There are 2 protein chains.
Amino acid sequence: MYRTKTNGELRLTDVGCEVTLAGWVQRTRKMGGMTFVDLRDRYGITQIVFNNEINAELTEAANRLGREFVVQVEGTVAERQSKNPNMPTGEIEVIASGLRILSPSATPPFTIEDNTDGGDDLRMKYRYLDLRRNAVRANLELRHRMTILIRNFLDSRDFIEVETPILIGSTPEGARDFVVPSRMNPGQFYALPQSPQTLKQLLMVAGFDRYFQIAKCFRDEDLRADRQPEFTQIDCEMSFVDQEDVLEIFEDMARHLFKEIRGVDLPAKLRQMTWHDAMRLYGSDKPDLRFGMTFVELKDVLPQGKFAVVDDAAYVGGICVPGCADYSRKQLDELTNFVKRPQIGAKGLIYIKYNTDGTIKSSVDKFYDADDLLKVKQAMGANDGDLVLILSGDNANKTRVQLCSLRLEMGERLGLRDKNRFECLWIVDFPLFEWSDEEQRLMATHHPFTMPNPDDIPMLETAPERVRAMAYDFVCNGIEVGGGSLRIHDGELQEKMFEILGFTPERAMAQFDFLINAFKYGAPPHAGLAFGLDRFVSIMAGLDSIRDCIAFPKNNSGRDVMLDAPSAIAQEQLDELYIDLDNDRLRALKG
Amino acid sequence: MYRTKTNGELRLTDVGCEVTLAGWVQRTRKMGGMTFVDLRDRYGITQIVFNNEINAELTEAANRLGREFVVQVEGTVAERQSKNPNMPTGEIEVIASGLRILSPSATPPFTIEDNTDGGDDLRMKYRYLDLRRNAVRANLELRHRMTILIRNFLDSRDFIEVETPILIGSTPEGARDFVVPSRMNPGQFYALPQSPQTLKQLLMVAGFDRYFQIAKCFRDEDLRADRQPEFTQIDCEMSFVDQEDVLEIFEDMARHLFKEIRGVDLPAKLRQMTWHDAMRLYGSDKPDLRFGMTFVELKDVLPQGKFAVVDDAAYVGGICVPGCADYSRKQLDELTNFVKRPQIGAKGLIYIKYNTDGTIKSSVDKFYDADDLLKVKQAMGANDGDLVLILSGDNANKTRVQLCSLRLEMGERLGLRDKNRFECLWIVDFPLFEWSDEEQRLMATHHPFTMPNPDDIPMLETAPERVRAMAYDFVCNGIEVGGGSLRIHDGELQEKMFEILGFTPERAMAQFDFLINAFKYGAPPHAGLAFGLDRFVSIMAGLDSIRDCIAFPKNNSGRDVMLDAPSAIAQEQLDELYIDLDNDRLRALKG
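Predicted model only: the values in this text are computed from it and were never measured.

**Concerning the state of the cysteines**
Residues and elements named next belong to chain A.
Here is step 1: In this structure the tally under the stated criterion is zero disulfides over all chains.
Here is step 2: Free of any disulfide, C320 has its nearest cysteine sulfur in C324, 9.3 Å distant.
Here is step 3: Exposure remark for C320: the relative accessible area of 13% places this residue in the buried category.

Here it is as structure tokens:
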């Protein structure tokens, strides 16, 4: 061992002890005949003192140390004269009697400080240096702690962790698979799992009763903000349970995590909101409940025949922004521009200021009289001093989604999206299907194995779009952290689902024969859920991006810039796999 | 919840309770007016009783249940008249008052019993049924328990689990990589990691100090017995440690596991054997120490000039098989045939029987006199009644390996390889390089990042084949369970290693620039080790194959026969990836 103590553990009680420390040079300071070195490791920082009067040679050596040198120091723990209450080791220092350079360092391309001077690209290229920063390492320590807590929690509830394979078969339904050519089976490909969905259902058929896995999953999708081609799920499945059983156990898990990690007590029972209510009140299936401003529908509140925009709209909805009646023209223009951005796509914004002096000022004063606007005030529950913002449109759900963006923007502006508050809820009663404009057919909202609500099964043939799923999402602070469903365990019902989704029986068998066959041998009722670990950690850590809780993340082009992967491979490797690059099209691509 | 109790928990103290159970029908038996159903779940089996006199309709329904039906039963716990002491629930039964079929079952293709009638292929195709068997599920439960113990142990020793990426860059050194074409980076490929080796070294550079990960690893090798294309490692790395520190901590971990899982106390300090001694005494770098029969070199014991085979051999070595002097001609012929098999490749076998009556009988009686053979007896430490088996050859190490096979065969025949005994040791002082006949160059015995023994560094240029590595293997019962090394943390030494391994500086940089660069910014001394989880579990479970502790293993062709993967993919998928199948060569391959 190169050390007898870490740099985080020495205290006043250790004064007088001989110690050996090792770590990185955070900084050196010369003061008179003294040289101070801050020695850093994962556990903390300890101040090392070299005294020129006592040992000139050693002090000279210390003076030559550069930032990030790795050194070993021998010395005696002493009480500091000027203590630093901001660091756990701040009451002591180590008077050096020996110094050994274990590894010199070139000058790092950015400073290893919480607030570094390194930009994103540089930090990713030198991720091994970025990871030296306390702020980044703390996220990964938190991630570790969360997985330990999760595993022990699930173990205590009789869940078994089972590793499912990474090299599986390709299933074109859903997102795009990454594929892996098989050398031993030339011309054939494995696929990397988008999730262990079917395999965990097979484990239920196998009687495993309670399964979990902290599982790597893969999706070859174009990477929008905060997506990674590989991501990690806390993947769970249980047998002989109803929806309430699943919600209860995973609420317990979330409660345990929030308590242990953040010291936060979630309520004894989380709120459950139907998908329909979530859309109606928040325009989102992942509402942020840290603040109000729920939607109020105004179509029937505003009188007809006065303003064509409102009259012709399929949906008119507003939010009441408390205390913002004093918004300036400029601020209101900003909001109008915000909702008109292409990403949001509203045509315009109606505002009504209910001023503190009782007067009303709105962008629709020429259409509606004070009486009309007072009706709105009442409907909205607005008080004097509040600002009401209204959107209208000819597609109700699209307009709700626009209003949702506005609501979140207002929450942001008013500082209501506090990262240290956690508002969790379940969204339930999702629609089983959703219409895909792209595919011109019904698609499974979750996946084709989701159980319909038994009450709605008669509508499967007649009004499938109205059938509710036994599906649920776990939402925290406006982010979908987890989701799952009861599964179909009846082969016939499963076949009907495939039929509604437009699978021919042949195609269903070609893709899912193992599952369809498995259901013939006694499938138990089962249900499951998966949490996105990256997202769960980032919420707990108060991060804006999942990237900051991943050791070696990829950029928006799916590249690891540190490893410079992906990259070209040798022709012999291609030959062994019986594949060729499509060089004509590649050349055309490069222009 | 479909049940109030599991099938493993009811006891005499529950008599009189109303319960609801759910599970699979293991078997039904009709006895007079009674029908007995054994209801099974992961937790156990409970006997359910239907009484025709009390409820004829219910009993009739029970009589129609087939094997593996999934049912829900309501009833009252009662004391059994004839108790079954072999099962934990054997003192009670449940008198049924309700029965509901949750899922019928077709007749399974093999019986769901510990000793099933299903062959290997059938069991793999219907793995979800095979996994219902207690014996198979118990292996996976053990695997789960081991990983929980391992994680909590390492956590308690300040190790952080860090997930490293699965999509990384291809490094042609070592085994063959699986590659993944990148759609977003056309013409380029990711590789799946053979191990997180370089990434964990970067984590040490990043100051993580103690890292572990239970990590999926991938090797596209032809699958010999007991290899899988994807396998799981307990992958660890530590900073500021010497070899003894690493051995101590992982010995502690092994001790903890053996104690918790098997109730076995490993010795307070494990034996360390040099690679050289292991080869000399056991002809193997993974000796099975559950029995003796260590090698004795006889070249200098037998007189020269009497038997050309011995005279001309570079190596003559024997083992003493206790109490086997009474082996018959037939048995000795079997052993001769055994060592002459092509997989072993010896030219012949010399035997000497030291009979209990003091006489000696050998296959070399016409060459050596009794005095010669008594010298052998003394050298071997043989007693009357023992059988000495001798191999000779012109390549010492090859002959030792042959003699190792013979030793293990004798251990097997004498029942000395007891699966309930565990003999663990460390092999140390491996050679840093080994000569590759295939490549006609020195190869790294472990990998190119292994630290040479500091005492041997002067020999790096002059006699590299004699340089010892700071490398160590953890061996249990003749199986290499883990291995690792101190790593080079000095860029210059690393460059010298690449040079000796025949890398040009350009090629070294092309493949390992991120690591070589990282070492310029203060790399701590570090070391690590990885255990093969599949192998560790299979030893703990007393299994012959790692396959039995993997939920969904692949066969020798790398196929998952249940999922039928790998398989052909759609032309559109190939097009998106800018690759083509090499159809000409594929056609030629298929003949």
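**Things to note about the packing of aromatic side chains**
Here is step 1: Inspection of the entire model under this criterion finds 40 aromatic pairs over all chains.
Here is step 2: When the centroid spacing of 5.8 Å and the interplanar angle of 75° are considered together, the rings of F240 of chain A and W24 of chain B count as edge-to-face. On the criterion of chain membership, the pair formed by F240 of chain A in the loop between β10 (230-239) and α6 (243-262) and W24 of chain B in strand β1 (residues 18-31) is interchain, its members lying in two chains. Of the two residues examined, F240 of chain A and W24 of chain B, each falls in the buried class.
Here is step 3: An aromatic cluster is present here, built from F159, F250, F258, F422, W426, Y472, F474, F531 and F536 of chain A joined pairwise through their rings.
Here is step 4: Above the plane of the ring of F503 of chain A lies R507 of chain A, whose end atom (NZ or CZ) is 4.2 Å from the centre.

**Some words on the domain arrangement of chain A**
Here is step 1: For chain A, the assigned domains are domain 1 (12-103), domain 2 (138-229 + 424-549) and domain 3 (291-413).
Here is step 2: Put simply, the middle of domain 2 of chain A and the middle of domain 3 of chain A, counted by C-alpha atoms, are 38 Å apart.

**Digging into the relation of the copies chain B and chain A**
Here is step 1: In the superposition of chain B on chain A (RMSD 0.1 Å, axial shift 0.0 Å), the rotation amounts to 180°. Both copies of the chain, as the preceding transformation shows, are related through a two-fold rotation axis.
Here is step 2: The fraction of interface residues of chain B whose copies in chain A are also interface residues reaches 100%, indicating that both copies meet through the same surface.

**Remarks on the sheet that holds strand β4 (residues 70-79) of chain A**
Residues and elements named next belong to chain A.
Here is step 1: Taken in spatial order, the five strands line up as β1-β2-β3-β5-β4 and close into a barrel, and their pairing is mixed. Between one strand and the next, the sheet's axes are offset by a mean angle of 55°, whatever the strand orientation.
Here is step 2: Strand direction decides the pairing type here: strand β3 (residues 44-51) and strand β5 (residues 92-103), joined by two bridges, are parallel. Each bridged residue has a counterpart across the sheet, and for V49 the counterpart in β5 is I95.

**Quick look at the packing of helix α7 (residues 275-282) of chain A against helix α11 (residues 396-413) of chain A**
All names here are of chain A.
Here is step 1: Two elements in contact, α7 and α11, have axes separated by 8 Å at closest approach and are oriented at 60°. Relative to α11, the element α7 is oriented oblique. Across from W275, M279, R280 and Y282 in α7, the residues of α11 making contact are N397, R400, V401, C404 and R407.
Here is step 2: Tallied by class, residues from the contact of α7 with α11 come to five nonpolar, one polar and three charged.

**Here's the deal with the pattern of salt bridges**
All names here are of chain B.
Here is step 1: Under the counting rule described, the total for this entry stands at 110 salt bridges over all chains.
Here is step 2: With a closest N to O distance of 3.2 Å, R280 and D277 form a salt bridge. With R280 and D277 both in helix α7 (residues 275-282), this residue pair falls three residues apart, about one helical turn.
Here is step 3: With relative accessibility at 33%, the residue R280 sits in the partly exposed group.

**Here we look at the interface of chain B and chain A**
Here is step 1: Counting residues at the interface gives 123 residues for chain B and 124 residues for chain A.
Here is step 2: Together, the buried faces of chain B and chain A total about 11,300 Å²; carbon and sulfur atoms form 60% of this surface.
Here is step 3: Of all residues in chain B, F240, Y521 and Y578 of chain B give up the largest surface area on contact with chain A, accounting jointly for 8% of the area buried on that side.
Here is step 4: Close ionic contact of E163 of chain A with R143 of chain B constitutes a salt bridge, the shortest N to O distance being 2.7 Å.
Here is step 5: Where chain B packs against chain A, one counts 70 residue pairs in polar contact (both at pLDDT 80 or more).
Here is step 6: Among the elements that line the side of chain B that touches chain A, the one with the most residues is helix α4 (residues 134-156) of chain B, at nine residues.
Here is step 7: Taken together, the three bridges between strand β23 (residues 579-581) of chain A and strand β23 (residues 579-581) of chain B define a ladder with antiparallel strand orientation. In the strand pairing of β23 of chain B, I579 of chain A is matched with L581 of chain B.

**Topic: the sheet that holds strand β2 (residues 34-41) of chain B**
All names here are of chain B.
Here is step 1: Pairing is mixed around the closed barrel formed by five strands, whose spatial order is β1-β2-β3-β5-β4. When strand polarity is set aside, the average angle formed by the axes of neighbouring strands in this sheet is 55°.
Here is step 2: Pairing between β1 and strand β4 (residues 70-79): seven bridges, direction antiparallel. Looking at the pairing, L21 lines up with V73 of β4.

**Notes on the pairing of strand β17 (residues 424-428) of chain A**
Residues and elements named next belong to chain A.
Here is step 1: Most of β17 sits inside the fold, with five of its five residues counted as buried.
Here is step 2: As paired elements, strand β11 (residues 271-274) and β17 share four bridges and run parallel to each other. Across the sheet, the residue bridging to T274 is V428, located in β17.
Here is step 3: Pairing of β17 with strand β20 (residues 471-476) involves five bridges; the strand directions are antiparallel. If you follow W426 over to β20, its bridge partner there is F474.

**Comments concerning the nonpolar core**
Here is step 1: One finds L154, F250, F258 and F536 of chain A to be the most contacted residues of the largest nonpolar core, which totals 104 residues.
Here is step 2: At nine residues, α6 of chain A tops the list of elements feeding residues into this core.
Here is step 3: Apart from residues lying up to four places away in sequence, F250 of chain A is in contact with L154, F159, C236, M238, W426, L529 and F531 of chain A.
Here is step 4: One finds L129 of chain A together with F250, M470 and V537 of chain B within the second-largest nonpolar core, a separate group that totals 103 residues.

**Some words on the side chain of T46 of chain A**
Residue and element names in this part refer to chain A.
Here is step 1: For T46, the location among the structural elements is in strand β3.
Here is step 2: A relative accessible area of 0% means that T46 is categorised as buried.
Here is step 3: At a separation of 2.7 Å, a polar atom in the side chain of T46 contacts the main-chain carbonyl oxygen of N7.
Here is step 4: Not counting the four nearest positions on each side in its chain, T46 is found in contact with N7, G8, L21, V37, D38, L39, T89, I92 and V94.

Reading the values: rules and limits
- Along each chain, residue indices are assigned from 1 in the same order as the chain's sequence is written.
- Note on labels: chains are lettered from A, ligands numbered from 1, in written order.
- In keeping with the predicted nature of the model, local features appear solely for residues at pLDDT of at least 70, side-chain atom pairs appear and are counted solely at 80 or more, and the whole-chain, interface and lining totals rest on all residues.
- Water and hydrogen atoms play no part in the side-chain values, which are based on all heavy atoms of the structure.
- In this description, the term disulfide denotes a pair of cysteine sulfurs within 2.5 Å.
- For every residue, the accessible area (1.4 Å probe, protein chains only) is compared with the maximum for its type, and the residue is labelled buried under 20%, exposed over 50%, or partly exposed between those bounds.
- Classification of ring pairs rests on two measures: the distance between centres of Phe, Tyr or Trp rings, Trp counted by its six-membered ring, which must be within 6.5 Å, and the angle between planes, read as stacked under 30 degrees, edge-to-face over 60 and tilted in between.
- The secondary structure listing takes helices from DSSP runs of H or I that are at least 4 residues long and strands from runs of E that are at least 2 residues long, numbered from the N terminus.
- In this analysis the charged atom, NZ for Lys or CZ for Arg, is taken to sit over a ring once it is within 6 Å of the ring centre and within 35 degrees of the ring normal.
- Residue ranges for the domains trace back to a domain assignment, done automatically or taken from a database.
- Overlaid copies result from least-squares superposition on C-alpha atoms, with residues included only where pLDDT is at least 70 in both.
- Two residues qualify as a contact provided that any one of their heavy atoms is within 4.5 Å of a heavy atom in the partner residue.
- Pairs of strands are assigned from DSSP output, requiring at least two bridges between the strands.
- Whenever a helix is involved, its axis is fitted only over the stretch in contact; in every case the axis is a line through C-alpha atoms, and angles between N-to-C directions fall within 0 to 180 degrees.
- What sets the label is the angle itself: under 35 degrees gives roughly parallel, over 145 gives roughly antiparallel, 65 to 115 gives roughly perpendicular, and the rest give oblique.
- Three residue categories are used. Nonpolar comprises Ala, Val, Leu, Ile, Met, Phe, Trp, Tyr, Cys and Pro, charged comprises Asp, Glu, Lys and Arg, and polar comprises the others, including Gly.
- Each salt bridge in this description consists of a side-chain nitrogen of Lys or Arg and a carboxyl oxygen of Asp or Glu lying within 4 Å of one another.
- Put simply, buried area is the surface a 1.4 Å probe can reach on two separate parts but cannot reach once they are joined, added for both.
- Whenever a nitrogen or oxygen atom comes within 3.5 Å of another N or O atom, the pair is scored as a polar contact, on the condition that within protein one atom can donate a hydrogen and the other can accept it, and that pairs from neighbouring residues in sequence are kept only if both atoms are in side chains.
- By nonpolar core we mean a set of buried residues, namely Ala, Val, Leu, Ile, Met, Phe, Trp, Tyr and Cys, connected to one another through side-chain atoms within 4.5 Å.

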